[in-house]
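For reference, the chains in residue letters:
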Amino acid sequence: MAKKVVIVDEELTPTVLATKKAKRGSIIWLILIFAALIAAAIYLPDITIYVSEKFGLDIEIPNEVVTPQDEEDDDNSDNEEAPEIQKYALTADLSFTTDSLTLSNFSVVDNTVAFTITNSGTETVDLNEYNYYLNLYNTDAAGLDTLLERIKVTDNVIGAGVSVDVSYQVLTSESITEVAFLEISLEEYPAFTAEADEFGNASLVCIKDYETVTYSLNHNQVVSIMDRFVVPITDPNYGVLYSTYQTLSATYSTISGISSAVTTDDTSLYFITSINLRTLIEGTFNNDIYYPLNTDAKVMKFELEAQGYKCS
């Protein structure tokens, strides 16, 4: 008997053979595995050092990977150049202007550099408020410049349109062929750290002619100053200096935090001033080489050496 075929007039529908439901636990384990791999990559150097020390193994730690961007940044930093300093040949008719100050009438005689400063601006300029320096250079046959000495230009208040003549003793005996006049910020001063003991105590000693200034430091910052002059009785200005030091000593001793005295013996005059910066009231005493409490040693060394002192 033949089978009966029944035709159903309906659209075809997909047949689902099986359905697999994702397990939540599998996803969590996958996340944990990735986290462990990342942590291992980050802390691999530390783990290697620990294992090496624990078991006495000699395991070489690979160098840090340098990306092309890192290399490019390094190249760019190496290519950065400091701003070029404007230098001028030292001639009889040299005259140039920096900011509002015009320098002219230069002369170098017997280790003394003299010149004229004219305020070409419309406002008074107090040089004590700036860090102006005159750089002295020597140029060799090959055209290479050598910085011979640096002079700090200060101690003058110059009105608008006013000229002042200044002179400075220099240590160099070499020929000065070029000069430059520029302002140098404290951030540009070269670093200097005095050798200190286990408590951070150190000293900076600066010497010029008859004067020795000792700056007592703590963590490279000044906390007290001792200024000592020793003048031999054979000095032709002995009498004038004795009178001057007596006057200064009497004035200094009236200020809280300062003690000063003048003494003599058969060979010399001694003028010694001690300053405790921790007790000195700021603003009650002004002197170019008596720096405020906590001034960094690099500032004193740089500025004093630019005033003819030898510091160490």
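This one's a predicted model, so the numbers in the text were calculated from it and none came from an experiment.

### Some points on the pattern of salt bridges
Point 1. One pass over the full model with this rule turns up two salt bridges.
Point 2. Between aspartate 145 and lysine 87 there is a salt bridge, with its nearest N and O atoms 3.0 Å apart. With aspartate 145 in strand S7 (residues 145-152) and lysine 87 in the loop between helix H2 (68-79) and strand S1 (88-89), this pair connects stretches of sequence that are 58 residues apart.
Point 3. A salt bridge links lysine 301 to glutamate 305; its shortest N-O distance comes to 3.0 Å. Separated by four residues within a single helix, lysine 301 and glutamate 305 lie in helix H4 (residues 297-305), roughly one turn from each other.

### Description of the side chain of asparagine 131
Point 1. You can see asparagine 131 is positioned in the loop between strand S5 (125-126) and strand S6 (132-139).
Point 2. Among the polar contacts listed, one links the side chain of asparagine 131 to the side chain of lysine 152, at a separation of 3.2 Å.
Point 3. Setting aside anything within four residues of it in sequence, one finds asparagine 131 in contact with Lys152, Leu182, Glu183, Ile184, Leu186, Tyr189 and Glu303.

### Thoughts on the nonpolar core
Point 1. One finds Tyr215, Leu217, Ile225, Ile275, Phe285, Met300 and Leu304 to be the most contacted residues of the largest nonpolar core, which totals 40 residues.
Point 2. Ranked by residues supplied to this core, first place goes to H4 with five residues.
Point 3. Each residue touching isoleucine 275, except ones within four places of it in the same chain, is listed here: Ser224, Ile225, Gly257, Ile258, Leu280, Phe285 and Tyr290.
Point 4. Counting residues in hydrophobic clusters, the runner-up holds 24 residues, among them Leu94, Leu148, Ile151 and Val179.

Parameters at a glance
Residues numbered from 1 in each chain as written. Predicted model: local features only at pLDDT ≥ 70, side-chain atom pairs only at ≥ 80, totals over all residues. Heavy atoms only, no water. Salt bridge = Lys/Arg side-chain N within 4 Å of Asp/Glu carboxyl O. Helix = DSSP H or I, 4+ residues; strand = E, 2+ residues; numbered from the N terminus. Polar contact = N/O pair within 3.5 Å; in protein donor to acceptor, adjacent residues only side chain to side chain. Contact = heavy atoms within 4.5 Å. Core = buried A, V, L, I, M, F, W, Y, C linked by side-chain atoms within 4.5 Å. Buried < 20%, exposed > 50% of the residue type's maximum accessible area, 1.4 Å probe, protein only.

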